[in-house]
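Here is how the chains run, residue by residue.
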Amino acid sequence: MLQRTPIKLQCFALDPITSAKETIGYIVLDLRTAQETKQAPKWYQLLSNKYTKFKSEIQISIALETDTKAPVDSFKAKGAPPRDGKVPAILAGLDPRDIVAVLNEEGGYHQIGPAEYCTDSFIMSVTIAFATQLEQLIPCTMKLPERQPEFFFYYSLLGNDVTNEPFNDLINPNFEPERASVRIRSSVEVLRVYLALQSKLQIHLCCGDQSLGSTEIPLTGLLKKGSTEINQHPVTVEGAFTLDPPNRAKQKLAPIPVELAPTVGVSVALQREGIDSQSLIELKTQNEHEPEHSKKKVLTPIKEKTLTEPKSPRVSPVPSHNQSPPTKDDATESEVESLQYDRDTKPNPKASSSVPASLAQPVTTSNASEVASGQKIAVPATSHHFCFSIDLRSIHALEIGFPINCILRYSYPFFGSAAPIMTNPPVEVRKNMEVFLPQSYCAFDFATMPHQLQDTFLRIPLLVELWHKDKMSKDLLLGIARIQLSNVLSSEKTRFLGSNGEQCWRQTYSESVPIIAAQGSNNRIADLSYTVTLEDYGLVKMREIFVSDSSQGVSAIQQKPSSLPPAPCPSEIQTEPRETLEYKAALELEMWKEMQEDIFENQLKQKELAHMQALAEEWKKRDRERESLVKKKVAEYTILEGKLQKTLIDLEKREQQLASAESELQREKKELQSERQRNLQELQDSIRRAKEDCIHQVELERLKIKQLEEDKHRLQQQLNDAENKYKILEKEFQQFKDQQNNKPEIRLQSEINLLTLEKVELERKLESATKSKLHYKQQWGRALKELARLKQREQESQMARLKKQQEELEQMRLRYLAAEEKDTVKTERQELLDIRNELNRLRQQEQKQYQDSREIASGKKDGPHGSVLEEGLDDYLTRLIEERDTLMRTGVYNHEDRIISELDRQIREILAKSNASN
């Protein structure tokens, strides 16, 4: 049964360049309309649309999916085959590096491999079912956040970042199993190669942005080589996998015993699309000290999410009709008490952790009989079922000089709960900026009469308080905004169909109201944008509802109880005081009061019992936590003690080794000393022998030097004798050479040799000059031809340019003539228009003068008026003469032009008239 019926779906516009996003609008979906049969998608119009000129709409289809997979017997991990990255023969032309997952947004699936191979559709799902011994991952030196930390599991599935619902208790992790699934378009062979390449799925346990531990799930076992299991039924890899802390080798952590190892239960399934499967996961009990509970198998339906877009961030759910924005820490004690007594009417245990927005919701009779502490309230027949939703959208135009961490707080008991509603967490607002508020949507279901609703909305406005939260000081009330709820009653009504097909009405109103300072002058400090929606579901079908004692101010409770006696009829005869209707009414009223007191006392006792049970459960829970922590510490101390014993044994062995090494060192030292003395004696003996050898060698060298000096003197004497002989022979040869040169045959022969050389040189120069002459003659001919060709080309280009310039001049002359003719025509047309106007004016003046002259002739006008007329004619004559002279001085006109002739004619006529009048 869907308890949280409506959800708010916001639409954002995202800038791909700057990654900035802005809210366009939102829609409210009623989940009770979802059915198992697939329905046609509907168009929903955006509420609070930022672009009011356009009617923006979103097409959405809602459907329910039933999980029908058979229960799994155990979570024993299956062995994965060895990694095989080879491409089969069918995919011979395909590179394994090209097999990647690509998102197809239009089709809503991931394509793996080229399009020609993608012929089948598959669904891959990952389910995180349970976790145990997670506290072993937290070392004693790690510091967690001061506030209550949130832990969650994270993994990446085909590029999509997936996280499960966060939980706060590591010792007893309590979270619902969730299944994340993606649609895949591929083939079995391509998918097998892809899984062989991407062979492991990493799952991390995170706290904030810090990974506390991780495990790897082998994926190669899904599609084994040569296996056809996927064609008959889904293939799975599942089991309880051990979580390892990050950098265990670097931290040099000791191995943890198997019974204390942190584990997470994971199931990875792959199936062809269209094969039904029921995903009921066997959950492992968390209490190891109760064997009778550990033998039970609990089958829990899995909450499913379908991934069609990559890297979708985890978004907190929007509060619905049965859940208000404040968190559990902000709730008051009375709200928590009322929740404990309402848990029988709400089977979902997680729903009881949030404050109900309205305690006056109609419930069925079967549920009402189970609430022992509830109170029956009669609902009038004319009451309507209303749903009022408030969305505090944003704060803008802040006039305070410092940034604030703001929350909004309001309370309206008429909606069925006096508990305050607050936005959470606080958001920072600065000057000249607009900030959208988180968890600002809240909806109330209540039953009341329309005229009472209208009267209350007109009398009582909704006061929204703006608070500044500071960690270092007390919360400060900055201002209050007054929202007049009656404005929504005057807005336009729109019709829609309810869950049972009945006709319902909806009214929506949006505006911005100022927030007035709470202290000092009533100045505006900011503006608040909000949207309110009122939905009328028609008459209430239930005539009785149950409320807890913590709810006050509900409109339905304001009606008198049906058990009160009717007023006495005045026609009855009152004989005795005890028999009167007033006395009976008072007696029944007192009895009713006593009954209500008994009911109230019973409720208080039940609340006390519930509080005691809660305290006992909390004590047991903390006792289990302490026991688990003690076990963990004992295990750590045992490991440390073993390490210490091992270290002591190693130290003793090392001490013995040092003692033996020291004795060995002393022995070696004595041996080295004796060896040193022996070497020193040998060295002295060798030095002495070397000195004696050197002295003997020096004596021998001296004898050799003496012998060499004697040989030198003897050789020097022989050299001198040889030089004297050489000089005598040289003189004789010079004399013989002179005698030979003086002969004539020798001179002629030398001259012949010189002339022969000159002849050879001249012949070589003649041949070179002949070749140069021929080469220059050829070059000269080529140069003349090139010059003639260049001259001809230049003449042709000059002729072409001259012709082009003549054509351009002709065109410019024609354009100039056309423009001049156009200007002349325009000038003449203007002149003709001026002449026509002047002629008309002169004709009118002439007619007027003619009439004046006739009046003068008939004696109707007196002398002074006639003198005035003559002065006007003189002025007109003077002006005509000046205009004619001005036109003549321009040089454009002469006496033969039409306008000059017309002016001369007018001047002559006026002169004739003036002469005639004189």
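Per an unreviewed UniProt entry, the chain is named Centrosomal protein 120, and its organism is Papio anubis.

A word on the overall build of the chain
Along the chain, the regular secondary structure elements total 10 helices and 30 strands. Buried positions account for 31% of the 918 residues belonging to the chain. A total accessible area of about 61700 Å² is found for the chain, and carbon and sulfur atoms account for 54% of it.

Remarks on the pattern of salt bridges
Across all of its chains, the model carries 31 salt bridges by this definition. One salt bridge in this structure joins Glu399 and Arg524, with 3.0 Å as the shortest N-O distance. Remark: Arg524 occurs in strand β29 (residues 524-539) and Glu399 occurs in the loop between β19 (384-396) and β20 (404-412); sequence separation between them is 125 residues. With relative accessibility at 42%, the residue Glu399 sits in the partly exposed group. Residue Arg524 is classed as partly exposed on the basis of its relative accessible area, which comes to 32%. As a salt-bridge pair, Arg667 and Glu671 come within 2.9 Å of each other at their nearest N and O atoms. Of this pair, Arg667 and Glu671 are both found in helix α7 (residues 581-741), 4 residues apart, which corresponds to roughly one turn of the helix. Salt bridges here are not isolated pairs; linked through shared partners, they connect Glu399, Arg524 and Asp527.

Let's talk about the nonpolar core
In terms of nonpolar packing, the biggest core is built from 46 residues, with Phe153, Tyr155, Leu205, Leu222 and Leu270 touching the most fellow members. Of all elements in the fold, only β7 (120-132), β8 (151-157), β10 (178-186), α1 (188-197), β11 (200-207), β12 (210-218), β13 (235-242) and β14 (263-272) reach the threshold of two or more residues within this core. Of the residues forming this core, the biggest block, 6 residues, is contributed by α1. Ranked by size, the runner-up nonpolar core spans 41 residues in total, among them Phe388, Leu408, Phe414 and Tyr530.

Here we look at helix α6 (residues 450-459)
Listed as buried for α6 are Gln452, Leu453, Thr456 and Phe457. Down the axis of α6, the buried side of the element spans an arc of 130°, and every buried residue falls inside it. Away from its buried face by more than 90 degrees, α6 exposes His451, Leu458 and Arg459. Considering only its buried residues, α6 is in contact with β19, β20, β24 (441-448) and β29.

A short note on α1
Buried residues dominate α1, accounting for 8 of its 10 residues. Within the sequence span of α1, burial applies to Val188, Val190, Leu191, Arg192, Val193, Tyr194, Leu195 and Ala196. Check the buried side of α1 and you find it contacts β5 (101-104), β6 (109-112), β7, β10 and β14.

Notes on the pairing of strand β2 (residues 21-30)
Note that strand β1 (residues 6-14) and β2 share 9 bridges and pair antiparallel. Within the sheet, the bridge partner assigned to Gln10 lies in β2 and is Tyr26. The turn joining β1 and β2, which pair antiparallel and follow one another in sequence, is formed by 6 residues; a positive phi near 60° is taken by Ser19.

Brief notes about a nonpolar patch on the surface
On the surface, a nonpolar cluster with roughly 290 Å² of combined accessible area is contributed by Tyr583, Leu587 and Met591. With respect to the secondary-structure elements, Tyr583 resides in helix α7.

A closer look at the packing of aromatic side chains
The geometry of an aromatic ring pair is captured by two quantities: the separation of the ring centres and the angle between the planes. Scanning the entire structure with this criterion turns up 17 aromatic pairs. Aromatic pair Phe153 and Phe167: ring centres 6.1 Å apart, planes at 35°, arrangement tilted. Of this pair, Phe153 sits in strand β8 while Phe167 is found in the loop between β9 (160-163) and β10, placing the two residues 14 residues apart along the sequence. Taking relative accessible area as the criterion, Phe167 reaches 3% and is therefore assigned buried. Put simply, the rings of Phe386, Phe388, Tyr412, Phe414, Phe415, Phe444, Phe446 and Phe457 pair up and form one aromatic cluster. We note Lys8 situated over the ring of Tyr26; from NZ or CZ to the ring centre the distance is 4.7 Å. Above the plane of the ring of Phe496 lies Arg506, whose end atom (NZ or CZ) is 4.1 Å from the centre.

Observations regarding a negative patch on the surface
On the surface, Glu590, Glu594, Glu597, Asp598 and Glu601 cluster together to form a negatively charged patch. The residue Glu590 is located in helix α7 in this model. Overall, the relative accessible area of 42% leaves Glu590 in the partly exposed class.

What about unusual backbone geometry?
At the junction of Asn424 and Pro425, the peptide bond is cis and its omega measures out at 0° in the coordinates. Along the chain, Pro425 turns up in the loop between β21 (417-422) and β22 (427-429). Here the phi dihedral of Leu158 falls at roughly 55°; this positive angle occurs in a residue that is not glycine. Judged by relative accessible area, Leu158 falls into the buried class, the value being 16%. Positive phi, normally seen in glycine, also occurs at Ala397, with a value near 55°. If you trace the backbone, Ala397 turns up in the loop between β19 and β20.

With respect to the pairing of β24
Summarising burial for β24: 8 of the 8 residues are buried, a large majority. Where burial is concerned, the two faces of β24 agree: the one with Tyr441, Ala443, Asp445 and Ala447 and the one with Cys442, Phe444, Phe446 and Thr448 are both buried. Pairing between β19 and β24: 8 bridges, direction antiparallel. What sits directly across from Phe388, in β24, is Phe444.

Let's talk about the sheet that holds β12
With antiparallel pairing, 4 strands are arranged side by side in an open sheet as β9-β8-β11-β12. Edge positions in the open sheet fall to β9 and β12, since each of these has one partner strand only. Shown here is a sheet whose adjacent strand axes are inclined to one another by a mean of 25°, direction ignored.

What to know about the environment of Val193
When you line up the elements, Val193 lands in helix α1. Residue Val193 is classed as buried on the basis of its relative accessible area of 3%. Here the alpha-carbon distance between Val193 and Lys225, two residues 32 residues apart in the chain, equals 9.8 Å.

So, the side chain of Asp169
Assignment of secondary structure puts Asp169 in the loop between β9 and β10. Although Asp169 lies buried, it forms no salt bridge, and the closest oppositely charged side chain, Lys621, sits 4.1 Å away as judged by the N-O distance. With near-sequence residues (within four places) excluded, Asp169 lies in contact with Lys621 and Glu625.

Cut-offs used in this document
Residues numbered from 1 in each chain as written. Predicted model: local features only at pLDDT ≥ 70, side-chain atom pairs only at ≥ 80, totals over all residues. Heavy atoms only, no water. Helix = DSSP H or I, 4+ residues; strand = E, 2+ residues; numbered from the N terminus. Buried < 20%, exposed > 50% of the residue type's maximum accessible area, 1.4 Å probe, protein only. Areas by Shrake-Rupley, 256 points an atom, 1.4 Å probe, with all protein chains shown as cover. Salt bridge = Lys/Arg side-chain N within 4 Å of Asp/Glu carboxyl O. Core = buried A, V, L, I, M, F, W, Y, C linked by side-chain atoms within 4.5 Å. Arc of directions from axis to C-beta. Contact = heavy atoms within 4.5 Å. Pairing = 2+ DSSP bridges. Patch = residues over 30% accessible without salt bridge, like charges linked within 9 Å, V, L, I, M, F, W, Y side chains within 5 Å. Phe/Tyr/Trp six-rings, centres within 6.5 Å; stacked < 30°, edge-to-face > 60°. Lys NZ or Arg CZ within 6 Å of the ring centre and 35° of its normal. Lys, Arg positive; Asp, Glu negative; His and termini not counted. Charge placed at Lys NZ, Arg CZ, Asp CG, Glu CD. Axes fitted to C-alpha atoms, helices over the stretch in contact; angles between N-to-C directions.

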